[in-house]
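# Examination of the molecular architecture
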Amino acid sequence: MLVLKGDVVRTSSGLSGEITDIWGIARPWAKLRQEDGQSAFILRTDVTEIVKRPPPKKGKR
């Protein structure tokens, strides 16, 4: 599943929140800001559901 920065996701371990940072190629990691303000590091492969995705930004025209 393709996870982008700014997505609100739910993981297989029950955590949910907004993705604030993503990195890695072989082992894709993400930093998750939970609703109570705490941060957690998760593997992007543990994401089971994308709850909300922000609208795409407009390009230059």
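Refer to the preceding data block for the structure.
Residues numbered from 1 in each chain as written. Predicted model: local features only at pLDDT ≥ 70, side-chain atom pairs only at ≥ 80, totals over all residues. Heavy atoms only, no water.

## Comments concerning the pattern of salt bridges
Which entries qualify depends on this criterion: Salt-bridge detection follows one rule: a side-chain nitrogen of Lys or Arg within 4 Å of a carboxyl oxygen of Asp or Glu. Helix and strand assignments follow DSSP, with helices taken as H or I runs no shorter than four residues and strands as E runs no shorter than two, numbered in order from the N terminus. Three exposure classes are used, based on accessible area relative to the maximum for each residue type with a 1.4 Å probe and protein chains only: buried under 20%, partly exposed in between, and exposed over 50%.
Tallying each qualifying case throughout the model produces three salt bridges. We note a salt bridge from D7 to R53, for which the minimum N-O separation is 2.9 Å. Note that D7 is positioned in the segment before strand 1 (8–11) and R53 in the segment after strand 5 (47–52), a separation of 46 residues in sequence. On the basis of relative accessibility, which here comes to 0%, the residue D7 falls in the buried class. When the shortest N-O distance is used, the salt bridge between E49 and R10 registers 2.7 Å. Of this pair, E49 sits in strand 5 while R10 is found in strand 1, placing the two residues 39 residues apart along the sequence. Residue E49 is classed as partly exposed on the basis of its relative accessible area, which comes to 35%.

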